Amino acid sequence: QVQLVESGGGLVQAGDSLRLSCAASVSTFTRRSMAWFRQAPGKEREFVGRIAWNSGNTYYADSVKGRFTISRDNAKNTVYLQMNSLKPEDTAVYRCAASPPFRIPGNIPDEYNYWGQGTQVTVSS
């Protein structure tokens, strides 16, 4: 069983930065690719980015490319989402997700089998 707990959300102004964390309670963390998704009220869940388990290769949605950065600290079983130049349209609940071991998924939610509860990010204009 994998438990994921996000933290770091909050209310910020447009142009500000925020860093989200996702702590994983699993011994196989280093073998799992990790991703961030977000969902705004009334909208579909949206892929934000993914970091591969083996190479640390990252992959981002066009909407956040150049502004958001995913990183991981395997010693702490934690993945981060650094968000810069935030915009009101980034307002959403952000959730981290873990893939099955040794997979490098893309942007499809069904490719991930564990999810955190989410943390709210609100960006005011």
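Structure's up top.
The shown structure was predicted, so the numbers you read here are calculated from the model rather than taken from an experiment.

So, about the state of the cysteines. Within the structure shown, the criterion is met by 1 disulfide. Between the sulfur atoms of Cys22 and its disulfide mate Cys96 the distance is 1.9 Å. The chirality of the disulfide connecting Cys22 with Cys96 is right-handed, given an S-S dihedral of about 55°. Here Cys22 is found in strand β3 (residues 18-24), whereas its partner Cys96 is found in strand β9 (residues 92-98), with 74 residues between them in sequence. The two residues Cys22 and Cys96 agree in class, both being buried.

Further remarks concern the pairing of strand β4 (residues 34-39). With 5 of its 6 residues buried, β4 lies for the most part within the structure. Pairing geometry for β4 and strand β5 (residues 46-51), over 5 bridges, is antiparallel. Residue pairing across strands places Arg38 opposite Glu46, the latter belonging to β5.

Before going further, it helps to examine the packing of aromatic side chains. For the structure shown, the criterion picks out 6 aromatic pairs. Ring geometry for Phe37 and Tyr112: centres 5.5 Å apart, planes at 75°, overall edge-to-face. Of this pair, Phe37 sits in strand β4 while Tyr112 sits in the loop between β9 and β10 (114-115), and the two are 75 residues apart along the sequence. A ring pair is formed by Phe47 and Tyr59, whose centres lie 5.1 Å apart and whose planes are at 35°; its orientation type is tilted. Taken together, the residues span a long stretch of sequence, with Phe47 in strand β5 and Tyr59 in strand β6 (residues 58-60) at a distance of 12 residues. Here the aromatic residues Phe37, Phe47, Tyr59, Tyr112 and Trp115 are joined through ring pairs into a cluster of three or more. Here the guanidinium or amino end of Arg45 rests over the ring plane of Trp115, the centre of that ring lying 4.5 Å away.

Analysis parameters
- Residues numbered from 1 in each chain as written.
- Predicted model: local features only at pLDDT ≥ 70, side-chain atom pairs only at ≥ 80, totals over all residues.
- Heavy atoms only, no water.
- Disulfide = S-S within 2.5 Å.
- Helix = DSSP H or I, 4+ residues; strand = E, 2+ residues; numbered from the N terminus.
- Buried < 20%, exposed > 50% of the residue type's maximum accessible area, 1.4 Å probe, protein only.
- Pairing = 2+ DSSP bridges.
- Phe/Tyr/Trp six-rings, centres within 6.5 Å; stacked < 30°, edge-to-face > 60°.
- Lys NZ or Arg CZ within 6 Å of the ring centre and 35° of its normal.

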